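# Analysis of the macromolecular model
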Amino acid sequence: MEDKDPQQSNAKPPKKGGPFGFIALALAAMVSSFGWNYFSAEQPIGTDGDCPVAPLAATYIGEPEPTDYSYTSLPEILITIGSTPAERYLKMTLAVATPEDKAKAVKEAEIVLADAFNTYLRSIEIADFENPIFYNQMRDELAWRSELVLGSSVSKGVLITEFLLR
């Protein structure tokens, strides 16, 4: 028979690590992620104590915008919504904001504006109207299309003056 020590055969193997290993691992992960973000971040603008916003503000301010706009109404838009045949429809009336001296350009481009707006509005699904954020996005899309047709010096935004979804 073999000589075995009775104390060694009944003894459990010692535990390794314990909860301190997990704590040390979590702490090391936090320190390394903080260090990575801190050292890889861009250096702030104007490290000499200047305000970093001042140079940017001078770029965007430029000449003051005219505050006297003319609002030119467009003909009513009536389109069906969704892929099912003529169950729901959207009725909208829009107005384009322009400087007063350029209001005539809107009237001349009325047909092209209607085409640009109809193309976008026909791509909208009925589920989009259930999201309250969508209405601001829709106004932005219409304003963008107005700027494409008229130019950014003529179009200063689109107002929705009538909106009916049935």
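Right, let's walk through the structure included here.

Analysis parameters
- Residues numbered from 1 in each chain as written.
- Predicted model: local features only at pLDDT ≥ 70, side-chain atom pairs only at ≥ 80, totals over all residues.
- Heavy atoms only, no water.
- Helix = DSSP H or I, 4+ residues; strand = E, 2+ residues; numbered from the N terminus.
- Buried < 20%, exposed > 50% of the residue type's maximum accessible area, 1.4 Å probe, protein only.
- Contact = heavy atoms within 4.5 Å.
- Areas by Shrake-Rupley, 256 points an atom, 1.4 Å probe, with all protein chains shown as cover.
- Phe/Tyr/Trp six-rings, centres within 6.5 Å; stacked < 30°, edge-to-face > 60°.
- 1 Å grid on protein atoms, 1.4 Å probe; cavity = no way out; pocket = protein on both sides within 12 Å on 5 of 7 lines; lining within 4 Å.
- Points joined across faces, edges and corners; volume = space filled by probe spheres on them.
- Nonpolar A, V, L, I, M, F, W, Y, C, P; charged D, E, K, R; others polar.
- Core = buried A, V, L, I, M, F, W, Y, C linked by side-chain atoms within 4.5 Å.
- Salt bridge = Lys/Arg side-chain N within 4 Å of Asp/Glu carboxyl O.
- Expected span 1.5 Å × (residues − 1).

### Some remarks on the overall build of the protein
Summing up its helical and strand segments, the protein has six helices and four strands in all. Seen in sequence order, the protein has helices and strands lined up from the N terminus as α-α-α-β-β-β-α-α-α-β. Relative to its full complement of 166 residues, the protein shows a buried share of 23%. Across the protein, every contact between residues at least 6 apart in sequence was considered, and the portion connecting residues at least 24 apart equals 69%. Roughly 12,800 Å² of accessible area belongs to the protein as shown, and the carbon and sulfur atoms make up 58% of that amount.

### Examining the packing of aromatic side chains
Evaluation of the coordinates by the stated rule reveals five aromatic pairs. A centroid spacing of 6.1 Å and a plane angle of 45 degrees characterise the contact between Phe129 and Tyr135, whose relative ring orientation is tilted. Through successive ring pairs, a cluster of aromatic residues spans Phe129, Phe134, Tyr135 and Phe163.

### Details of empty space enclosed by the protein
What the rule picks out here adds up to one cavity of 30 Å³ or more. Each pocket or cavity is described by its volume, and for the largest cavity that value is around 30 Å³. Together, Leu74, Pro75, Ile77, Glu110, Ala114 and Phe117 line the largest cavity. Residue composition of the lining of the largest cavity, grouped by class: five nonpolar, no polar and one charged.

### Description of the side chain of Glu110
For Glu110, the location among the structural elements is in helix α5 (residues 110–122). Setting aside chain neighbours within four positions, we find Glu110 in contact with Ser73, Leu74 and Pro75.

### Focus on the nonpolar core
The biggest cluster of nonpolar side chains holds 23 residues, and the ones touching the most others in it are Leu94, Phe117, Leu121, Met138 and Leu142. Among the secondary structure elements, those contributing two or more residues to this core are β2 (77–81), β3 (88–99), α5 and α6 (134–150). With five residues, the top contributor of residues to this core is α6. Filtering out sequence-adjacent residues up to four positions away, Leu121 remains in contact with Ile77, Ile79, Ile81, Leu90, Met92 and Met138.

### Regarding the pattern of salt bridges
Applying the stated criterion to the full structure yields five salt bridges. Among the ionic pairs, Glu108 bridges to Lys104, the shortest N-O distance being 4.0 Å. One end of the pair, Glu108, and the other, Lys104, are both in helix α4 (residues 103–108), four residues apart, so they sit about a helical turn from each other. Lys104 matches Glu108 in its accessibility class, with the two residues each being exposed. Here Arg145 and Glu141 are joined by a salt bridge, their closest N and O atoms 2.5 Å apart. Of this pair, Arg145 and Glu141 both sit in helix α6, four residues apart, roughly one helical turn. Its relative accessible area of 18% is what places Arg145 among the buried residues. Residue classification places Glu141 among the partly exposed residues on the basis of a relative accessible area of 29%. When salt bridges with common partners are traced through the structure, they connect Glu76, Lys91 and Glu162 into a single cluster.

### Some words on helix α2 (residues 19–40)
The end-to-end C-alpha distance of α2, which contains 22 residues, comes to 32 Å, matching closely the 32 Å that a straight helix rising 1.5 Å per residue would cover. α2 sits mainly on the outside: one of its 22 residues count as buried.

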